[in-house]
Amino acid sequence: MVSHKIFTASIFMLTVTIYWHYTTSKTHIKEVLLPETLFSVSSAVAMAGWLLLVLGIVLDKPLLRDTIAGLWIPLILAAAYTVFIAVFWWDAEGSFDSLAEVQKLFTWPWVALAGWVHYLAYDLFIGALMARRLMEAKRSRLLLILILPMAFMFGPIGFVMAQFLLIARKEATA
């Protein structure tokens, strides 16, 4: 319970800090440099999560695979996404009414960053979920590791491949 309170307080402080930097910084810093820096940091965090996921699969360590790569790192990324949306969504132009409006929405660096972090969080979460399900079903770790890059780069394709491995194995044993 204490760790959840600390996590919530940290997210609040991060939100306040980013908002303060955003509202007090010069235009170039708040529009270009800060989003670029946060893009690099969030990408590095996600990559560390994928590496821990693979390590958890190779070493058969559920702590690495399910808890760290499958829960905590996606949760950190999801929290960052929440902060970006809470602070910057309201200033963005565009909407979800049409493809043209969505394109306009993603022309602003902060919304594009939020979208990127959204993908990072969900792809890692789904990759870890796929890994857990395939390992529980006693599927080949090598095949699993080979499809993880598809989940990382092209999330739904990796998901389809993982489902195929689960279904094909069930049909073969039936």
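Residues numbered from 1 in each chain as written. Predicted model: local features only at pLDDT ≥ 70, side-chain atom pairs only at ≥ 80, totals over all residues. Heavy atoms only, no water.

Attention shifts here to the overall build of the chain. Check the secondary structure of the chain and you find 7 helices and 0 strands. For the chain, the succession of helices and strands along the chain, N to C, is α-α-α-α-α-α-α. The buried share of the chain, taken over its 174 residues, is 34%. Pairs at least 24 apart in sequence give 66% of the contacts found in the chain among residues at least 6 apart. For the chain, the accessible surface area stands at approximately 10600 Å², while carbon and sulfur atoms represent 72% of it. (Helix = DSSP H or I, 4+ residues; strand = E, 2+ residues; numbered from the N terminus. Buried < 20%, exposed > 50% of the residue type's maximum accessible area, 1.4 Å probe, protein only. Contact = heavy atoms within 4.5 Å. Areas by Shrake-Rupley, 256 points an atom, 1.4 Å probe, with all protein chains shown as cover.)

Should pLDDT be low for a region, the predicted coordinates there are not to be read in detail. Residues at a pLDDT of 70 or more form 78% of the chain, whose mean pLDDT is 85. Confidence, expressed as mean pLDDT per element, reaches its minimum in the chain at helix H1 (residues 2-24) with 63 and its maximum at helix H5 (residues 109-136) with 94. (pLDDT = per-residue confidence, 0-100.)

This part is about the packing of aromatic side chains. All chains considered together, the criterion is met by 6 aromatic pairs. Here Trp89 and Phe96 contribute two aromatic rings whose centre-to-centre distance is 5.6 Å and whose plane-to-plane angle is 20 degrees, an arrangement assigned as stacked. Through successive ring pairs, a cluster of aromatic residues spans Phe84, Phe88, Trp108 and Trp110. (Phe/Tyr/Trp six-rings, centres within 6.5 Å; stacked < 30°, edge-to-face > 60°.)

Now for the nonpolar core. Of all hydrophobic cores here, the largest spans 36 residues; its most connected members are Leu53, Phe84 and Leu144. Going through the elements one at a time, helix H2 (27-58), helix H3 (62-88), H5, helix H6 (141-153) and helix H7 (155-173) are the ones with two or more residues in this core. Per-element accounting of this core gives the leading share, 13 residues, to H5. Once you skip the residues sitting within four places of it in the chain, Leu53 turns out to touch Arg65, Ala69, Leu124, Gly127, Ala128, Ala131 and Leu148. (Core = buried A, V, L, I, M, F, W, Y, C linked by side-chain atoms within 4.5 Å.)

On to H3. Structural remark: α-helix, 3.6 residues per turn; residues separated by three or four positions point the same way. Here H3 is 27 residues long and its end C-alpha atoms lie 36 Å apart, about the 39 Å a rise of 1.5 Å per residue gives. The sharpest bend along H3 comes to roughly 35 degrees, located at Ile68. (Expected span 1.5 Å × (residues − 1). Bend = angle between axes of the 7 residues up to and from the residue.)

Quick look at the pattern of salt bridges now. Applying the stated criterion across every chain, the model contains 3 salt bridges. In this structure, the salt-bridge partner of Glu101 is Lys104, at a minimum N-O distance of 3.3 Å. In this pair, Glu101 and Lys104 both sit in helix H4 (residues 99-105), 3 residues apart, roughly one turn of the helix. The class for Glu101 is partly exposed, based on a relative accessible area of 23%. A salt bridge links Glu136 to Arg132, with the nearest nitrogen and oxygen atoms 3.8 Å apart. On the criterion of helical spacing, the pair formed by Glu136 and Arg132 is a turn pair, its members being 4 residues apart in helix H5. Using a relative accessible area of 55% as the deciding quantity, one classes Glu136 as exposed. With relative accessibility at 30%, the residue Arg132 sits in the partly exposed group. (Salt bridge = Lys/Arg side-chain N within 4 Å of Asp/Glu carboxyl O.)

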